[in-house]
Amino acid sequence: MINKFSLIDAENDLVIGNSADLIGLTGCCIEKIDDEEFHKIILVNFQFNEEFIEYCKKNKSYINNLYLTILNNKGNPIGSYYFTLKEPQSYYKSGFNEGLINLELIGELLQIATEESLAIWDMRRSLLSKSNIWITLSKKQKIGWLEVARLFFNRNHSPQDQMNKKYYIDVTHVQDSVDFFCALGEAINGPGGYFGFNLSSLEDCLCRGFGAVPPFYIYLIHVNSKSSESDKFFEELKDVFANRNVTLVCS
């Protein structure tokens, strides 16, 4: 059996267990309790981790804040969604089921995944070997691409910040802000890379920890009269870069 998901205790990063599939990450499963609505997560073919079982028995601990973690084809974590249980679970009291089970969790998802982002996660279980895959995607899929790029980036070690670098973006396929951020993330951090998904998050990325730190240069290649150079987004973008000592060059 291939495990595609892992349940991790957010308090100590201990792996609680692994599962072959996960249902409910899109918020599609709702549990109503005392006139309140909660998200239900079902981990299919879930098995508790032996280390977690021993830890619970020894420390009589409970779980409450969790990471629903996506695994790549090698079983390594590549991204996660934060989940808080409605009530803390004390498995050292209730006991651990042996073998494979369907584990149900009731609580709240901090962020709901889209169907498009789930498809992108499946794509990214393998290492991306080339840039510009996002060009062929629909608008909704590109938004999912940016969601995955953001979460994928944050669950791994951040690349080392570099100054005075030159980055190049071919704007031939850049029609709007979503396209631009797909291209910008890849220009700075490689295939599937992340460097913001809107102007606010771009400001955050420019404050260190995301692979590039001002001053640096961004060269826009193949800019023409039909490009986004004259629209509102591009004007706001230029202001953000100018205020952060990033030079934007159109050629």
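Now for a look at the structure at hand. (Residues numbered from 1 in each chain as written. Predicted model: local features only at pLDDT ≥ 70, side-chain atom pairs only at ≥ 80, totals over all residues. Heavy atoms only, no water.)

With respect to unusual backbone geometry
The amide bond that connects proline 214 to the next residue, proline 215, takes the cis arrangement and shows omega of 0 degrees. Along the chain, the position of proline 215 falls in the loop between helix 6 (199-205) and strand 10 (216-221). Phi is positive for asparagine 132, which is not a glycine, with a value near 70 degrees. With respect to the element layout, asparagine 132 can be found in the loop between helix 3 (115-123) and helix 4 (139-154). For asparagine 132, a relative accessible area of 43% translates into the label partly exposed. Its identity as a non-glycine residue notwithstanding, asparagine 164 has a phi of 60 degrees, on the positive side. On the secondary structure map, asparagine 164 appears in the loop between helix 4 and strand 9 (166-170). Given a relative accessible area of 49%, asparagine 164 falls into the partly exposed group. (Helix = DSSP H or I, 4+ residues; strand = E, 2+ residues; numbered from the N terminus. Buried < 20%, exposed > 50% of the residue type's maximum accessible area, 1.4 Å probe, protein only.)

Comments concerning the side chain of arginine 124
Structurally, arginine 124 is set in the loop between helix 3 and helix 4. Comment: no salt bridge for buried arginine 124; closest opposite-charge side chain is glutamate 186, at 7.2 Å. Ignoring sequence-local partners within four residues, the contact set of arginine 124 consists of Ile78, Val148, Ala149, Phe152, Pro191 and Gly192. (Lys, Arg positive; Asp, Glu negative; His and termini not counted. Salt bridge = Lys/Arg side-chain N within 4 Å of Asp/Glu carboxyl O. Contact = heavy atoms within 4.5 Å.)

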